[in-house]
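# A closer look at the structure
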Amino acid sequence: MAKSYDVVVIGGGPGGYAAAIKAAQLGMKTACIDMYINKDGNPALGGTCANVGCIPSKALLDSSWKYHEAKEGFAIHGIEAKTVKMNVPEMIKRKDGIVKKQTDGVAMLLKANGVDWLQGRGKLLSGKQVEFTPHEGDAETLDAGNVILAAGSEPISLPMAPLHEDMVVANAGALEFTEVPKKLGVIGAGIIGLELGSVWSRLGSEVVVIEAMDNFLPMVDRQVGKELLKNLKAQNIDVQLSARVTGTKIEKNKVKVEYSNADGDQSLVVDKLIVAVGRRPYTEDLFSADSGVNLDERGFIFVNHSCATEVPGVYAIGDIVRGPALAHKATEEGVMVAEIIAGHHTAINYDCIPSVIYTHPEVAWVGVTEEQIKSSGDAYKTGTFAFMANGRAAAANETAGFVKVIADEETDRVLGVHIVGPQASEIIMQAVIAMEFGASTEDLQMMVFAHPGLSEVLHEACLDVDGKAIHSAKRKRKK
Ligand code: FAD
Ligand code: AMP
């Protein structure tokens, strides 16, 4: 007889494992099928995020930033660090340790919550049955009351830039270089390309980023994108826009990258090349043709606002469905779906999902950009304030960037907050909380912010919406 579960989750990334834990916490008999095998050859939970995404990339960003600071940033504080040396294998080992702790932690949580971790491949069949094929042994069929598809995404490959050993790599390979490449090429100036390019640039690589579009980071508020680009340039990261890669060749242990821009055909020789041209939903062999699940026109699993597919009792969450490819979005969808299955009424506010780029300075935003609201035709007002005029930023020698607030002209409600600057990834959460509670800029103007703090820049940007910023030399007050 087939084993039966209240909930079977396919995929153990931040979407799937959170859904499984929540479902079990709500009293449902739950299994989580995951097929990932890590670089040591062992099954590991946590998906892209914990194994080859968010966590390892941030580990390397933190290590490389410390090295860069020791080399370039200490002197201004009077600290002499003359023999700073980088041991890349040690840095990678530290990163691997962090990944192991995270993935083992997820396994421990599933166990503690009574979730069965099934190691192998899952496939949705018709009638909410799931075929489970373990890494070793025969396939079995599970009966599921509900199924949550959480298979995540995979890197998009470029036929003209095929991956090659450790020389032409996607995100996973870019986290494993054993030495600092003298010259590094990155195809794609998206979030992943800029973060991974930053890691190796801080360690001494000469980095060239080749981006097909003329518009840098089109999803980011233009003013913020401009400021980041200026800062990346100052760090010697050469971002070439309107440049499309047309081919790559391996020549004498180097990679020759051919691309075209407004001046015609160009080429560039690099030691390593990272291909970071986006990710696509991973739906390979995930459901049978008669399962009733459909894809949308962009290849995502078609779901409604509540992540329900067209088959009652079958849901899909995370990178495999529409919306931003972000770990926290996947997690919240997983939690929401488990609660819906348990009969709770719940929903996600998709207008309040923060995004972060962990470059230096960091970029973080939530809500509408100025370009979006302008094109909507709605009346709006903005306030900006620079970190340059903030005492805490000055004390930390981190004065690049600003906070920009966008509010409804009539109601004063905060509609978007855009930050480029120190700790942007943390400050943005204050904006998320404010927006979730429907705050106006006046609400934030009237709150008391701790001094000296970087968050005071958010406060002053809200004050600036009405021309009331205190630490501003602008003499004309709007009101
Ligand atoms: P995934 O994490 O991709 O997990 C899916 C899991 O399902 C995998 O383990 C996969 O092996 C398994 N699977 C797939 N098909 C099957 C099947 N048929 N049977 C069994 N198992 C299956 N996001 C952020 O929010 N912040 C960041 O800082 C950030 N940094 C990133 C850095 C990099 C370099 C990359 C590549 C991504 C980054 N992301 C970041 C994105 C983030 O990793 C993803 O949005 C997130 O992992 C999506 O979660 P998920 O659960 O949908 O899928
Ligand atoms: P993202 O999807 O945000 O990770 O960004 C990937 C980036 O890669 C996008 O900005 C694309 O424009 C860019 N891109 C895709 N194909 C190419 C190519 N052949 N040459 C250069 N850039 C590319």
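Keep in mind it's a predicted model, so treat the numbers as computed, not measured. (Residues numbered from 1 in each chain as written. Chains lettered and ligands numbered in written order. Predicted model: local features only at pLDDT ≥ 70, side-chain atom pairs only at ≥ 80, totals over all residues. Heavy atoms only, no water.)

Take the overall build of the protein chain next. Scanning the protein chain from N- to C-terminus turns up 13 helices and 21 strands. The globule rule puts the C-alpha radius of gyration for 479 residues at 23 Å, and the 24 Å found for the protein chain is close to it. Its C-alpha atoms give the protein chain principal-axis dimensions of roughly 80 × 60 × 45 Å. Taken across its 479 residues, the protein chain has 50% of its residues classed as buried. In the protein chain, the share of contacts with a sequence separation of at least 24, taken over all contacts with a separation of at least 6, comes to 62%. Only carbon and sulfur atoms are counted for the fraction: they give 51% of the accessible area of the protein chain, which is about 22,800 Å². Positive and negative side-chain charges in the protein chain, numbering 48 and 61 respectively, have mean positions lying 6 Å apart. (Helix = DSSP H or I, 4+ residues; strand = E, 2+ residues; numbered from the N terminus. Rg over C-alpha atoms; globule rule 2.2 N^0.38 Å. Buried < 20%, exposed > 50% of the residue type's maximum accessible area, 1.4 Å probe, protein only. Contact = heavy atoms within 4.5 Å. Areas by Shrake-Rupley, 256 points an atom, 1.4 Å probe, with all protein chains shown as cover. Lys, Arg positive; Asp, Glu negative; His and termini not counted. Charge placed at Lys NZ, Arg CZ, Asp CG, Glu CD.)

Taken together, 39 residues surround ligand 1, and among them Asp34, Thr48, Lys58, Asp319 and Ala327 come closest. Taking cysteine 49, its main chain carries an N or O atom lying 3.3 Å from an oxygen atom of ligand 1. The backbone of leucine 326 places a nitrogen or oxygen atom 3.3 Å from an oxygen atom of ligand 1. About the coverage of ligand 1: the protein hides 94% of its 1,000 Å² of free accessible area. Contributing elements (two or more residues each) for the shell around ligand 1: α1 (14-25), β2 (30-34), α2 (47-52), α3 (54-73), β3 (116-124) and α8 (327-341). It is α2 that contributes the most residues to the shell around ligand 1, 4 residues altogether. (Near = heavy atom within 4 Å. Polar contact = N/O pair within 3.5 Å; in protein donor to acceptor, adjacent residues only side chain to side chain.)

As a matter of local geometry, ligand 2 sits amid 14 residues, with Gly188, Glu211, Ala212, Met213 and Val245 nearest to it. Interatomic distance of 2.6 Å between a side-chain N/O atom of glutamate 211 and an oxygen atom of ligand 2. A distance of 3.1 Å is found between a nitrogen atom of ligand 2 and a backbone nitrogen or oxygen belonging to valine 245. Bound to the protein, ligand 2 loses 77% of the 510 Å² it would expose on its own. Of the residues that constitute the shell around ligand 2, the class distribution is 9 nonpolar, 3 polar and 2 charged. (Nonpolar A, V, L, I, M, F, W, Y, C, P; charged D, E, K, R; others polar.)

Another aspect to go through is the nonpolar core. Trp200, Phe216, Ile274 and Val363 are the most contacted members of the largest nonpolar core, which totals 36 residues. Counting only elements with at least two residues in this core, the list comes to α3, α4 (88-112), β8 (183-187), α6 (191-202), β9 (206-210), α7 (222-234), β10 (237-240) and β18 (362-367). A total of 4 residues in this core trace back to one element, the largest contributor, which is α6. Residues in contact with tryptophan 200, not counting those within four places in the same chain, are Val88, Met91, Ala174, Phe177, Glu179, Val180, Pro181, Leu184 and Ser205. (Core = buried A, V, L, I, M, F, W, Y, C linked by side-chain atoms within 4.5 Å.)

In this model, α4 (25 residues) spans 36 Å end to end at C-alpha, consistent with the 36 Å of a helix rising 1.5 Å per residue. Taken together, the buried positions of α4 are Val88, Met91, Ile92, Lys95, Val99, Thr103, Val106 and Leu110. Close packing links the buried residues of α4 with α1, β2, α2, α3, β3 and α6. Its side-chain oxygen 3.1 Å from the backbone nitrogen of glutamate 90, asparagine 87 forms the N-cap of α4. Positive phi shows up at glycine 114, right after α4, with a value of about 80°. (Expected span 1.5 Å × (residues − 1).)

Turning our attention to α8. In a regular helix each residue adds 1.5 Å, so 15 residues correspond to 21 Å; α8 covers 21 Å between its end C-alpha atoms and thus fits that length. For α8, the full list of buried residues reads Lys329, Ala330, Glu333, Gly334, Val335, Met336, Val337, Ala338, Glu339 and Ile341. Summarising the contacts, the buried residues of α8 are in contact with β1 (3-10), α1, β5 (140-149) and β16 (314-316).

Segmenting the protein chain into domains produces domain 1 (3-155 + 280-348), domain 2 (168-277) and domain 3 (352-465). The C-alpha centroid of domain 3 is placed 29 Å from the C-alpha centroid of domain 2. Of the residues lining the interface, 17 residues belong to domain 2; the matching set on domain 3 comes to 20 residues. Carbon and sulfur atoms supply 63% of the area buried between domain 2 and domain 3, which totals about 1,500 Å² over both sides. Of the charged contacts in the structure, one is a salt bridge between aspartate 221 and lysine 404, with a shortest N-O distance of 2.9 Å. For the interface between domain 2 and domain 3, the tally reads 7 residue pairs in polar contact (both at pLDDT 80 or more). Within the residue set of the side of domain 2 that touches domain 3, elements represented by two or more residues are α6 and α7. Among the elements that take part in the side of domain 2 that touches domain 3, α7 stands out by supplying 7 residues, more than any other. Residue classes in the side of domain 2 that touches domain 3 are distributed as 8 nonpolar, 4 polar and 5 charged. (Domains from an automatic or database assignment. Buried area = accessible area lost by both parts, 1.4 Å probe. Salt bridge = Lys/Arg side-chain N within 4 Å of Asp/Glu carboxyl O.)

Within the structure shown, the criterion is met by 22 salt bridges. Of the charged contacts, one joins arginine 280 and glutamate 154 as a salt bridge, the two residues approaching to 3.4 Å between their closest N and O atoms. Pair noted here: arginine 280 is in strand β15 (residues 279-281) and glutamate 154 is in strand β6 (residues 153-155), with a separation of 126 residues, a long-range link. The class of arginine 280 is partly exposed, set by a relative accessible area of 36%. Using a relative accessible area of 26% as the deciding quantity, one classes glutamate 154 as partly exposed. Glutamate 258 is paired through a salt bridge with lysine 249; the nearest N and O atoms lie 3.2 Å apart. A single salt-bridge network, built from bridges that share partners, covers Lys39, Lys95, Asp96 and Glu176.

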